[in-house]
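Below are the chains, spelled out letter by letter.
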Amino acid sequence: MDPLDFLEPAELLNYFHTHKTEMSCMETPHSFLSQLRDHNLIPEDRYKKIIRMKSKNNLRRAVYDILDWLETKKSKYIRVFWRCVFKDVMMNQYHTLKQLHKGLMDGSYHFDSELPSRVESEESDERGSSKLSDREQKQTKSPKKKRKVRSDGDDEQPGPATEQSPGQRKKHKKIHYSSPKKGETKDIWTWPLYKTQLPVTCGKVEGMLRRERLAQGQECIMVDNRWFTPAEFEKFAGKESSRNWKLSIRCAGIPLGKLIKEGHLKAGIYKKRRKPAKQSRFPTSRSNTDEEDSEDEESPQEAEASTGEDTGEEEEEEETEERVEPAEVSPDHDKRMFKVTCGALTGTLYKDRFGSGKCGKSVRTELSWMTPVEFVNVALNQSDASWRKEILYKGEPLSVLIEAKVLMIHSLLCKCKLCKPEPQDLENQKNDDECCVCKTEREDKLVVCDSCPRSFHQDCHLPHIDDSIVRDDGQWLCTFCVFKANEGCRYPDKQKTEVVMSRQISQHMLECPYLLLCLCSADEEQIFSTNPVEYLQSYSSIIKAPMWLEKIADKLQRKGYQTVGEFVSDVQLIFSNSATFNRNNPEYLGMGEQLKQLFEREFKKAFNIQD
């Protein structure tokens, strides 16, 4: 029997969690990533970024990041993940995957279940004061300009029904597990090997019972790749006349009812559905209402049967789980960003930051991060407007995404960082979670601007951010904000293009970095940022002088340009190369043209050119 057929998602996720590092270290993981992409397990934009990387260290880090993202954001598809990577063609190429598959097949995966619980912070032994992780301690020392850090474990936000009130919490009898002694065959339900499932029999039919599914009142017994409820398994085994699965289904000869009564198993409530009554061939004078009422009445025999739970005397009722047809999945379900509007104001709503109307600064505008309520207040200047109706996505109110469960409003009892933020969490919400230039989330190295929402890696910003600036508690402004602050006083007179192009670039080390950062920020998919020769096989045969944004940035940082014209010439080379190579590809040709128009527009504005 294939373990993927009977292992619970939580167990498969635990196996995934303990082997992420091994999978991230696989050599040439391009086929592995392509397989995940083909099964819609990773976003297209992240796939394109990773597939272009050539540095082995960066590639391994990126693969680990995508696996970490999969664990937190796509955990419900963990079974799909393992099935797609355990294809023969994948295991033949990657020895690591073959070993992981072997671990599942031979049952050694159970040894990974005995892991310590995840620890987010280290407790002080001397004072027993508030628990702070190393990252959180860094945050408290540097509240403004900092290497921005957030706990990955808290990014998985609970939905509306994840919290329970104290009255709803029930204490259950703790189930103990012990290793079997040599030659021992009894009490196998206490063995660690059977912590998640138990072999059961009903008559001569054997199956595997999943403990967690039984406790939830779901189909919990698998036979030949088919799931059954206990009553259905009893019927499948030919013991339907018993009508008492707690007595007829056994584990090592012991009825499940006894194991449940002794606390070794937990059984959920299975909804009882009556067999439909045979319809009379002749019309009667009774109304439909009377018929419905009579069905709900309990006969004396039924009442007697209901009191004899362990006697097996039950009325002819089948215990079956109500099956609900899966709802249609919204095409926006896997998106993490949504372009939204409210009146004349536009912004981008980020799913990971959304908690509710007032919890989580989830809407990013050009100037700041806002909660949905703040976004509506700024746009309409109304404090009583409904954010669900006034914020629009594709012309429809935001309530449409909420009703489709694309956006989940957190419970009032939720204690996540969005709903119950600490002061440092509120500070972090003011800035982006990814670098403005490279679009990655290496949050421990992000430096935030104190004037705008942007964040940067030290080596992505132009000019590079020195360590001394990071350690300084004073305010720091990014190149975008410095450029904006000096915009009105640089060139009071109109300039000519040929004059500007001939000037020494050392006199314009604000304008040129600003222009390059504009291009990097606008290149959302990082198409023009890296060397195209590394990921396009035919590129070098068509383009003789490749150029890309990272190369220009490196040359600008090293002061490799003498004049503004040399800098502009390299930028224009990117656009001309794109037009040549993509002449038969309208999509990428259009991207290059848009970037070219942005550069020309910002170039004229930066130097106040009027030809």
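What counts and what doesn't
Residues numbered from 1 in each chain as written. Predicted model: local features only at pLDDT ≥ 70, side-chain atom pairs only at ≥ 80, totals over all residues. Heavy atoms only, no water. Helix = DSSP H or I, 4+ residues; strand = E, 2+ residues; numbered from the N terminus. Contact = heavy atoms within 4.5 Å. Core = buried A, V, L, I, M, F, W, Y, C linked by side-chain atoms within 4.5 Å. Buried < 20%, exposed > 50% of the residue type's maximum accessible area, 1.4 Å probe, protein only. Pairing = 2+ DSSP bridges. Salt bridge = Lys/Arg side-chain N within 4 Å of Asp/Glu carboxyl O.

*Asks:* Describe the environment of Phe375, naming the residues involved and giving the relevant values.
*Replies:* Tracing the sequence through the fold places Phe375 in helix H17 (residues 372–380). Not counting chain neighbours up to four residues away, the residues in contact with Phe375 comprise Val340, Thr341, Cys342, Leu345, Thr346, Gly347, Val363, Thr365, Met370 and Ile391.

*Asks:* Hey, could you go over unusual backbone geometry for me, with residue numbers and the actual values?
*Replies:* Here the bond from Leu462 into Pro463 is cis, since omega is -5°, no more than 30 degrees from zero. Tracing the sequence through the fold places Pro463 in the loop between strand E17 (455–457) and helix H21 (467–471). Even without being glycine, Gln526 reaches a positive phi, approximately 55°. You can see Gln526 is positioned in the loop between helix H24 (511–522) and helix H25 (539–542).

*Asks:* I'd love a proper account of the nonpolar core, names of residues and values included.
*Replies:* Ranked by internal contacts, the top residues of the largest apolar core, which has 49 residues, are Leu516, Phe567, Phe599 and Phe603. At the level of elements, strand E16 (446–448), helix H22 (479–485), H24, helix H26 (549–557), helix H27 (564–581) and helix H28 (586–607) are the ones that each hand at least two residues to this core. The leading source of residues in this core is H24, at eight residues. Beyond its immediate sequence surroundings of up to four residues, Phe599 is in contact with Leu515, Leu519, Phe567, Val568, Val571 and Phe575. Core analysis: the second largest hydrophobic core is formed by 34 residues, Leu36, Tyr47, Val85 and Leu100 among them.

*Asks:* Any details on the pairing of strand E11 (residues 345–350)? Residues and values, ideally.
*Replies:* Direction of pairing for strand E10 (residues 337–342) relative to E11: antiparallel, over a ladder of six bridges. Looking across to E11, one finds that Thr341 is bridged to Thr346. Joining the antiparallel neighbours E10 and E11 is a turn of two residues, in which Gly343 adopts a positive phi near 65°. By the bridge criterion, two bridges tie E11 to strand E12 (residues 363–364) in an arrangement that is antiparallel. What sits directly across from Leu349, in E12, is Val363.

*Asks:* Pulling in residues and values, what's your account of the pattern of salt bridges?
*Replies:* A full pass over the atoms with the stated rule returns 17 salt bridges. The partner of Arg60 in a salt bridge is Glu27, and the shortest N-O contact between them spans 3.1 Å. With Arg60 in helix H6 (residues 56–73) and Glu27 in the loop between helix H3 (20–24) and helix H4 (30–38), this residue pair connects regions lying 33 residues apart in the sequence. Notably, a salt bridge pairs Arg37 with Glu44, separated by 2.5 Å at the nearest N-O pair.

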